[in-house]
Amino acid sequence: MQRKILALIVPPVAVCRYGCASCCIAPIFVFWLASVGSVIYAFFGGPAGLDGFSWGTLALGSILWAIAVAWAETVIKGVNDDLKNPKCHGKTSTLCSVVSSNNSEIDPLDEVNKYL
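(A) The arrangement of helix α2 (residues 11-18) in detail. Within α2, burial applies to Pro11, Pro12, Ala14 and Val15. Looking straight down α2, one finds that the buried residues subtend no more than 160° of arc, so they occupy a single side.

(B) Broad picture of the packing of helix α1 (residues 2-9) against α2. Running from N to C, α1 and α2 cross one another at 140°; their axes reach a closest spacing of 5 Å. As the angle between them shows, α1 and α2 are arranged oblique. Contacts between α1 and α2 involve Gln2, Arg3, Leu6, Ala7 and Ile9 from the former and Pro11, Val13, Ala14, Arg17 and Tyr18 from the latter.

(C) Main features of the nonpolar core. The biggest cluster of nonpolar side chains holds seven residues, and these are Val15, Cys24, Ile28, Trp32, Ala68, Ala72 and Val75. For this core, the secondary structure elements donating two or more residues are α3 (21-42) and α4 (55-84). Ignoring anything within four residues of it in the chain, the contact list for Ala68 reads Pro11, Ile28, Phe31 and Trp32.

(D) Just the environment of Trp71, in detail. By secondary structure assignment, the location of Trp71 is in helix α4. We classify Trp71 as partly exposed; its relative accessible area is 29%. Separated by 46 residues in sequence, Trp71 and Ile25 place their C-alpha atoms 9.6 Å apart. Sequence-distant contacts of Trp71, that is, excluding residues within four places in its chain, are made with Cys24, Pro27, Ile28 and Phe31.

Definitions and cut-offs
- Residues numbered from 1 in each chain as written.
- Predicted model: local features only at pLDDT ≥ 70, side-chain atom pairs only at ≥ 80, totals over all residues.
- Heavy atoms only, no water.
- Buried < 20%, exposed > 50% of the residue type's maximum accessible area, 1.4 Å probe, protein only.
- Helix = DSSP H or I, 4+ residues; strand = E, 2+ residues; numbered from the N terminus.
- Arc of directions from axis to C-beta.
- Axes fitted to C-alpha atoms, helices over the stretch in contact; angles between N-to-C directions.
- Parallel < 35°, antiparallel > 145°, perpendicular 65-115°, else oblique.
- Contact = heavy atoms within 4.5 Å.
- Core = buried A, V, L, I, M, F, W, Y, C linked by side-chain atoms within 4.5 Å.

Here you go:
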């Protein structure tokens, strides 16, 4: 429950704490920061320079925030699923297909050092 609340309020922190910081924290942070800036900018009239509140700018900020929250939840869920099944038996996971390693491969740097 705490993970979902943190992902709803501050998605980049939730990904850093419960997910994989190197996975997608930078674009999630950019979306979230743009949404915060857009919400604040809405109170000052938005890009149209209105005298009052800019509802369109607030809607843009809300949409960007929702994207950041959904993205953070997806990353956290993928990392949790991969931790429960580290060998990825019986299912295909996007994270396992990216990070899985084969220890039987030869290290290319060993090949280079052999000729030096």
